[in-house]
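Examination of the molecular architecture
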Amino acid sequence: MSEDPVLYSSASGIATITLNRPAALNAMTTPLMLGIREAFTRVSDDEAIRVVVLTGAGRGFCAGADLQSTPEGSGDTMDAFNGALRDVMECPVPTVARINGPAAGGGLGLALACDIGVAAESAFFVAPFVPRLGIVPDMGATWSLPLRVGRTRALGTVSYTHLTLPTKV
């Protein structure tokens, strides 16, 4: 598999953006987030693209921030993470998260930023910072989760490690 942290392909109007760090369950790093930004720029520049599929290589969608290699609080890092999330949410065509395994922390936020989520049976969703550390979930999850599952259900998830989202979005 390529060493690029994000792979991009397109065919028949469908752009596929693949997070490509399978050994780390596609954990987010600055280069990965910049790769997402580059891929979504390509989508915006190509009028033939009608839909984007965002997925992860290997057995996971995205394990959230790679705490081993992401510098904490760096301006460039924050710009890359925030910009990537904004690019997904403002994409000019529909976005589909193809969730093939864990979507944890920021990975959950990234999946929720897409217009539609399709989860494999192997998929599960984790907001680790809420029950374990008592801090705010990342990558927009506090905004997007209530939109997907409703305010009451979203508030009820704060005491659970694993979230069960509805199968129909």
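That block above? That's the structure.
What counts and how
Residues numbered from 1 in each chain as written. Predicted model: local features only at pLDDT ≥ 70, side-chain atom pairs only at ≥ 80, totals over all residues. Heavy atoms only, no water. Pairing = 2+ DSSP bridges. Helix = DSSP H or I, 4+ residues; strand = E, 2+ residues; numbered from the N terminus. Axes fitted to C-alpha atoms, helices over the stretch in contact; angles between N-to-C directions. Contact = heavy atoms within 4.5 Å. Core = buried A, V, L, I, M, F, W, Y, C linked by side-chain atoms within 4.5 Å. Buried < 20%, exposed > 50% of the residue type's maximum accessible area, 1.4 Å probe, protein only. Salt bridge = Lys/Arg side-chain N within 4 Å of Asp/Glu carboxyl O. Right-handed = clockwise from strand over helix to strand, strands pointing away.

Here we have five strands laid out as an open sheet, ordered β1-β2-β3-β4-β6, and mixed in their pairing. Edge strands, defined here as strands with exactly one partner in the open sheet, are β1 (6–11) and β6 (116–119). The mean inter-strand angle of the sheet, taken between neighbouring strand axes irrespective of direction, is 20°. Relative to strand β3 (residues 51–56), strand β2 (residues 14–19) runs parallel, the two sharing six bridges. Paired with T16 across the strands is V53, a residue of β3. With respect to the sheet, helix α1 (residues 30–45) is in contact with β1, β2, β3 and β4 (95–99), its orientation differing from that of β1 by roughly 20°.

In this structure, I17, I36, V43, V52 and F61 are the most contacted members of the largest nonpolar core, which totals 36 residues. In terms of residue count, α1 provides more of this core than any other element does, six residues in total.

Evaluation of the coordinates by the stated rule reveals two salt bridges. For R21, the salt bridge goes to D66, with nearest N and O atoms at 3.0 Å. Placement of the pair is R21 in the loop between β2 and α1 and D66 in the loop between β3 and α2 (75–89), with a sequence separation of 45 residues. Exposure remark for R21: the relative accessible area of 22% places this residue in the partly exposed category. Residue classification places D66 among the buried positions, given a relative accessible area of 10%. Between R37 and D87 there is a salt bridge, with its nearest N and O atoms 2.7 Å apart. Taken together, the positions of R37 in helix α1 and D87 in helix α2 put the pair 50 residues apart, joining distant regions of the chain. Classification of R37 by relative accessible area gives partly exposed; the value is 27%. Overall, the relative accessible area of 17% leaves D87 in the buried class.

Once that is clear, we can look at the pairing of β3. Extensive coverage of β3 is indicated by the burial of five of its six residues. Viewed along the sheet, the connection from β2 through α1 into β3 turns out right-handed.

Quick look at unusual backbone geometry now. Even without glycine at this site, L25 takes up a positive phi of about 50°. Within the fold, L25 resides in the loop between β2 and α1. Its identity is not glycine, yet N26 carries a phi of approximately 60°, on the positive side. Here N26 lies in the loop between β2 and α1.

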